[in-house]
Amino acid sequence: MEHFSKKVKVDGEWFDSKKEADFYERFIKPSGKRYLRQEQFALVDKWPVGGVTMRGVFYRPDFVIYGADGREHVYDVKTSLSARGIDSAAMMRFKLFAKRYGLPVEVVVPRRHDFKMKVFGVTTNIQTQHTRVNHKGEVVNEYYDVFNNVDYDIWDVIGK
């Protein structure tokens, strides 16, 4: 997927997009929680195939928020929750991350006063249903939750 966003500098750090910088300024920074940006996680380790070694597969979420017990949230900031905003390669990375690290990737879309959050790859629609009309005039049901801060427990959303 091609990305056309321009990098934005906030608090001396470069962000990949205005949306990512906005999410940082409005939700991550005010939380006062410890976080890391673009932390690299191995999804698949390198492995031998014949006489060569295949490269591993890695994922860098936009933000990882840490609490007293370890990782609380893994955020990937997108412009949309639709297939136009999230390609199949990203969906696969989200699933591999959840399998290896036991914590789902929360895809977020910042809005004016809050943000939409969706966990992709679950087998049932556990999040709140929202109905909208798409650009073709078709009625579409989307499943996501809306938050105005990062002080929520992801396990309350998806269950333990």
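To start, this report covers the structure provided alongside it. (Residues numbered from 1 in each chain as written. Predicted model: local features only at pLDDT ≥ 70, side-chain atom pairs only at ≥ 80, totals over all residues. Heavy atoms only, no water.)

### Here's the deal with the nonpolar core
This is how it is decided: What makes a nonpolar core is a set of buried Ala, Val, Leu, Ile, Met, Phe, Trp, Tyr and Cys residues whose side-chain atoms join them at distances within 4.5 Å. Type-normalised accessible area, obtained with a 1.4 Å probe on protein chains alone, sets the label of each residue: buried when under 20%, exposed when over 50%, and partly exposed for intermediate values. Put simply, DSSP marks the helices as runs of H or I at least four residues long and the strands as runs of E at least two long, and each gets a number from the N terminus on.
In terms of nonpolar packing, the biggest core is built from 37 residues, with Phe23, Tyr75, Phe115 and Met117 touching the most fellow members. Sorting the residues of this core by element identifies helix H1 (18–31), strand S4 (41–44), strand S8 (63–67), strand S9 (70–77), helix H2 (88–101), strand S10 (105–110), strand S11 (115–118) and helix H3 (154–158) as the ones contributing at least two each. It is H1 that provides the largest number of residues to this core, a total of five residues.

### Quick notes on the packing of aromatic side chains
Definition in use: Each aromatic pair joins two rings of Phe, Tyr and Trp (for Trp, the six-membered one) with centres within 6.5 Å, and gets the label stacked for planes under 30 degrees apart, edge-to-face for over 60, and tilted for any other angle. Cation placement over rings: the criterion is NZ of Lys or CZ of Arg within 6 Å of the ring centroid and within 35° of the ring normal.
Following the criterion strictly, the structure yields 17 aromatic pairs and no others. When the centroid spacing of 6.1 Å and the interplanar angle of 40 degrees are considered together, the rings of Phe115 and Phe147 count as tilted. Residue Phe115 is located in strand S11, and its partner Phe147 is located in strand S14 (residues 145–147); the two are separated by 32 residues in the primary sequence. With respect to class, Phe115 is no different from Phe147; both count as buried. Linked through ring pairs, Phe15, Phe23, Tyr24, Phe27, Tyr35, Phe63, Tyr75, Phe115, Phe147 and Tyr152 together constitute an aromatic cluster. A cation over a ring is seen here: Arg37 above Phe15, with NZ or CZ 4.0 Å from the ring centre.

### Section: H1
Rules: Helix span is expected to be 1.5 Å times the residue number reduced by one. A residue's bend is given by the angle between axes fitted to the 7 residues ending at it and the 7 residues starting at it.
In a regular helix each residue adds 1.5 Å, so 14 residues correspond to 20 Å; H1 covers 19 Å between its end C-alpha atoms and thus fits that length. Its maximal kink placed at Tyr24, H1 deviates by approximately 40 degrees. For H1, the set of buried residues is Glu20, Ala21, Asp22, Phe23, Tyr24, Phe27 and Ile28. A positive phi of about 75 degrees marks Gly32, the residue just after H1.

### A word on H2
Rule in force here: Whether two residues touch is decided by their heavy atoms; if any such pair falls within 4.5 Å, the residues are in contact.
In this model, H2 (14 residues) spans 20 Å end to end at C-alpha, consistent with the 20 Å of a helix rising 1.5 Å per residue. Where H2 is buried, its residues meet S4, strand S7 (57–59), S9 and S10. Remark: Gly102 follows H2 within two positions and exhibits a positive phi of approximately 70 degrees.

### Looking at the sheet that holds S10
How we decide: Criterion used throughout: strands pair if DSSP finds at least two bridges between them. Orientation is described by lines fitted to C-alpha atoms, with helices fitted over the stretch in contact, and by angles between N-to-C directions that extend from 0 to 180 degrees.
With mixed pairing, the six strands of this open sheet are ordered in space as S3-S8-S9-S10-S11-S14. One side of each edge strand has no neighbouring strand; the edge strands of this open sheet are strand S3 (34–37) and S14. For this sheet, the mean inter-axis angle between neighbouring strands, taken without regard to orientation, is 30 degrees. Examined bridge by bridge, S11 and S14 share three bridges and lie antiparallel to one another. When the sheet's bridge partners are listed, Phe115 is paired in S14 with Phe147.

### Let's talk about unusual backbone geometry
One non-glycine residue with positive phi stands out, namely Asp11, at about 50 degrees. Mapped onto the elements, Asp11 comes out in the loop between strand S1 (8–10) and strand S2 (13–15). Even without being glycine, Gln38 reaches a positive phi, approximately 55 degrees. Positionally, Gln38 belongs in the loop between S3 and S4.

### A word on the side chain of Glu20
Counting through the fold element by element, Glu20 comes out in helix H1. Excluding its chain neighbours within four sequence positions, the residues that come into contact with Glu20 are Phe15, Arg37, Gln38, Asp62, Phe63 and Val77.

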